[in-house]
Amino acid sequence: MEIFRSQGKIDRAPSPETCIQWEMKMGLYKLSRPKATADDWIWLFDHFVSKGGYKCLAVMGVRMSTVLDRGDLTLCCEDLEPLGIVPMKKSNGELMEAELESILAANHGIPPLAIIKDQGSDVRCGGRSFSEAHPGVIDIDDVPHRIARLYEHQLSADESWRNFTTICASFKKESQLTGFAVLAPSNQRSKARYHNIDVLVDWATNQLLLFEELSSAMKAKLKWLKGYQTELEYWKQLVDIGRIGRDFVRTEGLWLDCYEVLEARLLAANMDERAERFACDLIDVFEETGQKVPSGKKIIGSTESIESLFGKYKGVVARGPQPMGRLILSMASRVGERPTELLVQCALEEIKERDVSQWLQQAFNPSGPKPSKTFNGRNMESSPLVA
């Protein structure tokens, strides 16, 4: 809109539907345009589940040479290039592998340097089969997910932790509609419980630190926390260890001997005997994962940027229809380079509304007729933004 306004092409705010059509065209253009021919692509993929009968597979690509040049491997949505947005009514390892093969064929047939995914059974099995079919592709499980699994292993049999989370959930319900709502912890999502233990532990730790400054009524409401003070010190150590691991893989990635660097950093952390066992398990994860990376190579080890993209998508559909539909193309429009005059021109000249309709029909009805590989008679190979 800013680009059009600066060119004097619009003198009023366009309708919401017009804005949606612009975004769909931008998303399809970024998704359809040829990608750079290179052997240093990293594929990151995961499923997004929404209401209705579909889940959506999102496959994003990152050039390792691009992120290595800047030193910090922390990814943002601008680093991603959309490779596949695939609604799926059914998902298993075989179907996942087939989708990855389709994406490979559409991108010069050059296998990626590595694939990074979470540990969902369909995603894991499909990724493993794909890497076995293409020797040399490094198959990596998302490290933050593995850290969450370590938390689960460490805490699932901890009676104190189970009691603590139960009381926190009850306290949340009891206080959220009262004058004590300001004291309530964040919601505990069952699916992401071990990804977000830091939120709960930080909340409890901060409440204890500020306990003496609270009013007598608030102290009465939170006095049960005092009984967990010792355990909270231990849980805080686990949180700090996990954060060191997540920050490490986020900013520095994975390489053959990366566990040695991580081990040196963990030595400076405060931990008791139980936390030391957790730290050793974390080091083992980095050693095992790093051994998959060839000597002299460094790769990304996290799909957190995909999770960020899913968060953006939830924001887009928050006030619209909840079942999965055409707005999935916003997951392609909102990654990659920010809009420029040239990008907007290419997208809106190459992609028409009928192209978006054809793509959506094929995406949600794959057994139907295949859409043309060209748009408006133009082969996308001619795009000035191919690289």
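None of the values given here were measured: they were computed from a predicted structure.

Is there a simple way to explain unusual backbone geometry in this structure?
Keep in mind that most residues, glycine aside, have a negative phi and that most peptide bonds are trans. The backbone phi angle of His108 is positive, close to 70 degrees, even though this residue is not glycine. When you line up the elements, His108 lands in the loop between helix 4 (93-106) and strand 4 (114-117). Under the relative-accessibility criterion, His108 is labelled partly exposed at 39%.

Is there a simple way to explain the packing of helix 10 (residues 229-252) against helix 11 (residues 258-266) in this structure?
To describe two helices that pack against each other, one gives the angle between their axes and the distance between the axes. Contact geometry for helix 10 and helix 11: axes closest at 11 Å, N-to-C directions at 140 degrees. In terms of axis orientation, helix 10 runs oblique to helix 11. Along this stretch, helix 10 crosses helix 11, giving a crossing that reads as right-handed. Contact residues: Ile241, Ile244, Gly245, Phe248 and Glu252 in helix 10; Cys258, Val261, Leu262, Arg265 and Leu266 in helix 11.

Would you explain the sheet that holds strand 4 in this entry?
Strand pairing in a sheet takes place through backbone hydrogen bonds and is either antiparallel or parallel in direction. Strand order in the open sheet formed by 5 strands is 3-2-1-4-5, and the pairing between neighbours is mixed. Two strands lie at the open edges of the sheet, namely strand 3 (81-88) and strand 5 (138-141), each paired on one side alone. Going from strand to strand, the sheet's axes swing by 20 degrees on average, the running direction of each strand aside. Both strand 1 (residues 41-49) and strand 4 contribute to a ladder of 4 bridges, which runs parallel. Bridging from a neighbouring strand, Phe45 pairs with Lys117 of strand 4.

When you look at helix 16 (residues 353-364) in this model, what are you seeing that I'm missing?
Each full turn of the α-helix corresponds to 3.6 residues, which orients residues three or four apart in the same direction. Along its 12 residues, helix 16 runs 17 Å from first to last C-alpha, staying within 8% of the 16 Å computed at 1.5 Å per residue. Tucked inside the fold, the buried residues of helix 16 contact helix 2 (16-32), strand 3 and helix 15 (341-350).

Got a minute to help me understand the environment of Ala363 in this structure?
Counting through the fold element by element, Ala363 comes out in helix 16. Given the relative accessible area of 13%, Ala363 is considered buried. In this structure, the C-alpha to C-alpha distance between Ala363 and Pro87, residues 276 residues apart in sequence, is 6.3 Å.

Help me understand the pattern of salt bridges, please; the structure alone is not making it clear to me.
Between side chains of opposite charge, pairing is possible as soon as their charged atoms come close. Enumeration over the complete set of coordinates arrives at 25 salt bridges. Across the salt bridge formed by Asp198 and Arg246, the nearest N and O atoms sit 3.6 Å from each other. Taken as a pair, Asp198 in helix 8 (residues 197-209) and Arg246 in helix 10 lie far apart in primary sequence, 48 residues in all. In this pair, the class of Asp198 matches that of Arg246, namely buried. A salt bridge links Glu252 to Arg265, with the shortest nitrogen-to-oxygen separation between them at 2.6 Å. Separated by 13 residues along the polypeptide, Glu252 in helix 10 and Arg265 in helix 11 bring together distant segments of the chain. Each of Asp198, Asp202, Arg243 and Arg246 takes part in salt bridges that share partners, so that together they form one network.

Conventions used here
Residues numbered from 1 in each chain as written. Predicted model: local features only at pLDDT ≥ 70, side-chain atom pairs only at ≥ 80, totals over all residues. Heavy atoms only, no water. Helix = DSSP H or I, 4+ residues; strand = E, 2+ residues; numbered from the N terminus. Buried < 20%, exposed > 50% of the residue type's maximum accessible area, 1.4 Å probe, protein only. Axes fitted to C-alpha atoms, helices over the stretch in contact; angles between N-to-C directions. Parallel < 35°, antiparallel > 145°, perpendicular 65-115°, else oblique. Left-handed = near helix turned anticlockwise from the far one by under 90°. Contact = heavy atoms within 4.5 Å. Pairing = 2+ DSSP bridges. Expected span 1.5 Å × (residues − 1). Salt bridge = Lys/Arg side-chain N within 4 Å of Asp/Glu carboxyl O.

Functional significance is not addressed by these values, which are geometric in nature.
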